[in-house]
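Next come the chains, spelled out residue by residue.
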Amino acid sequence: MSFENDILIDNYLRGLLNEDEIVSFKLRLKSDLEFKKSFLLEQALWASQSDTDWSFANYTNDEVKTYKKLLENDDLQNLKKTLNRVNAEFKETPKKKTKLSFYYLAAASIAILICLSIFLNQDQNNQHLVNDYLDTSNLPSFVSRGETSTDDLINAQQFFENEEYQKSLDIFIPVIETDKANGPVYLYTGIAQMKLEQYVNAETTFNKLINSNLLDAQKGYWYKALLYLIQDKVEDSKAVLETIVSNKYHNHLKAKALLETLNDD
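All values derive from a computational prediction rather than experimental measurement.

Asks: So, the packing of aromatic side chains: which residues are in play, and what are the values?
Replies: According to the stated counting rule, one finds twelve aromatic pairs in the structure shown. Both rings, one in F172 and one in Y188, keep their centres 5.6 Å apart while their planes meet at 20°; by these two values the pair is stacked. Pair noted here: F172 is in helix α8 (residues 165-177) and Y188 is in helix α9 (residues 183-195), with a separation of 16 residues, a long-range link. There is no split in this pair, since F172 and Y188 are both buried.

Next up, the structure:
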């Protein structure tokens, strides 16, 4: 990263930017992944000086959640304690402070950067795979099901397609609770719950579909595998994919390809 970017990040962390500069800075964090990685690394190093700052609680996007999960990891917490102890020793030996601080920061940067890279790359890979395989364009349409569909279900589908997932669930869930839902209702419901990160509810929905006598029951395995993958439960996802492949369930060829990709990682 350039020296100018180092100064910019440092000024932001020190609270020296004006309002317009802060807005510009945050917009860049959203659009420039390398800049964001540099910022989060620098913020982690700053936070290592204080127990109260070792978090990203003020951030909510998925990528920062990955960093937060990493920084809460036991190994990183132990690393933090070690760095704090060493830093305290530096402060007690002023003559060595400049030279030793350089090595201290260099070692800390390398350790944290390696950990962040591993976690971020894994998360990006899994999210990329889910995006590739979670194709909702081929879901059955209630519009074309004639008298078997109600206006409510058609409206729910339209909400789903407009990414208004909670509104779609407000219609689909009562249908499921009547035990009169067909396969597509379960599929739309489970996927909408995935999109809203209601993972426990989504798993319950897909399990209900799997255990039903509906024609779409096999499809529940496929979406359950993707549900596990989006949560980074890779081994659980593999187990479901193996079930799909061995029984030649719905999307067994895609399941085989995805399983091979996961095994290669």
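After that view of the structure, there is still more to cover.
Asks: Any chance you could break down the pattern of salt bridges for me, citing the residues and the numbers?
Replies: Tallied over the entire structure, the rule returns six salt bridges. Where D10 meets R14, a salt bridge forms, and the shortest distance between an N and an O atom there is 2.7 Å. A salt bridge links E235 to K238, with the shortest nitrogen-to-oxygen separation between them at 3.6 Å. Residue E235 and its partner K238 are both found in helix α12 (residues 234-247); the two are separated by three residues, about one turn of the helix.

Asks: So what's going on with the packing of α8 against α9? Residues and values would help.
Replies: Running from N to C, α8 and α9 cross one another at 140°; their axes reach a closest spacing of 9 Å. The angle between α8 and α9 places the two elements in the oblique class. As α8 packs across α9, the resulting crossing turns out to be left-handed. In this structure, α8 contributes Y165, S168, L169, F172, I173, V175 and I176 to the contact, and α9 contributes V185, Y186, Y188, T189, A192, Q193 and K195. Residue composition of the contact of α8 with α9, grouped by class: ten nonpolar, three polar and one charged.

Asks: Account for helix α13 (residues 252-264), naming residues and giving values.
Replies: In this model, α13 (13 residues) spans 18 Å end to end at C-alpha, consistent with the 18 Å of a helix rising 1.5 Å per residue. Where α13 is concerned, the buried positions are A255, L258, L259 and L262. With its buried residues spanning 105° around the axis, α13 presents them on a single face. For α13, the exposed residues lying more than 90 degrees away from the buried face are L253 and D264.

Asks: So what's going on with unusual backbone geometry? Residues and values would help.
Replies: A positive phi angle, near 60°, is found at E197, a position not held by glycine. Assignment of secondary structure puts E197 in the loop between α9 and α10 (199-210). Non-glycine residue N251 carries a positive phi angle of around 65°. Structurally, N251 is set in the loop between α12 and α13.

Asks: Give me the packing of helix α11 (residues 219-230) against α12: which residues, what numbers.
Replies: α12 packs onto α11 with a crossing angle of 165° between their chain directions and a minimal axis gap of 7 Å. Judged by the inter-axis angle, α11 sits roughly antiparallel to α12. Here α11 runs over α12; the crossing is left-handed. Across from Y221, W222, A225, Y228 and L229 in α11, the residues of α12 making contact are V234, D236, S237, V240, L241, T243 and I244.

Asks: Any details on the environment of Y228? Residues and values, ideally.
Replies: Position of Y228 among the secondary structure elements: in helix α11. When its relative accessible area of 10% is taken as the criterion, Y228 is described as buried. It is 8.7 Å that separates the C-alpha atoms of Y228 and Y199, two residues lying 29 residues apart in sequence.

What counts and what doesn't
- Residues numbered from 1 in each chain as written.
- Predicted model: local features only at pLDDT ≥ 70, side-chain atom pairs only at ≥ 80, totals over all residues.
- Heavy atoms only, no water.
- Phe/Tyr/Trp six-rings, centres within 6.5 Å; stacked < 30°, edge-to-face > 60°.
- Helix = DSSP H or I, 4+ residues; strand = E, 2+ residues; numbered from the N terminus.
- Buried < 20%, exposed > 50% of the residue type's maximum accessible area, 1.4 Å probe, protein only.
- Salt bridge = Lys/Arg side-chain N within 4 Å of Asp/Glu carboxyl O.
- Axes fitted to C-alpha atoms, helices over the stretch in contact; angles between N-to-C directions.
- Parallel < 35°, antiparallel > 145°, perpendicular 65-115°, else oblique.
- Left-handed = near helix turned anticlockwise from the far one by under 90°.
- Contact = heavy atoms within 4.5 Å.
- Nonpolar A, V, L, I, M, F, W, Y, C, P; charged D, E, K, R; others polar.
- Expected span 1.5 Å × (residues − 1).
- Arc of directions from axis to C-beta.

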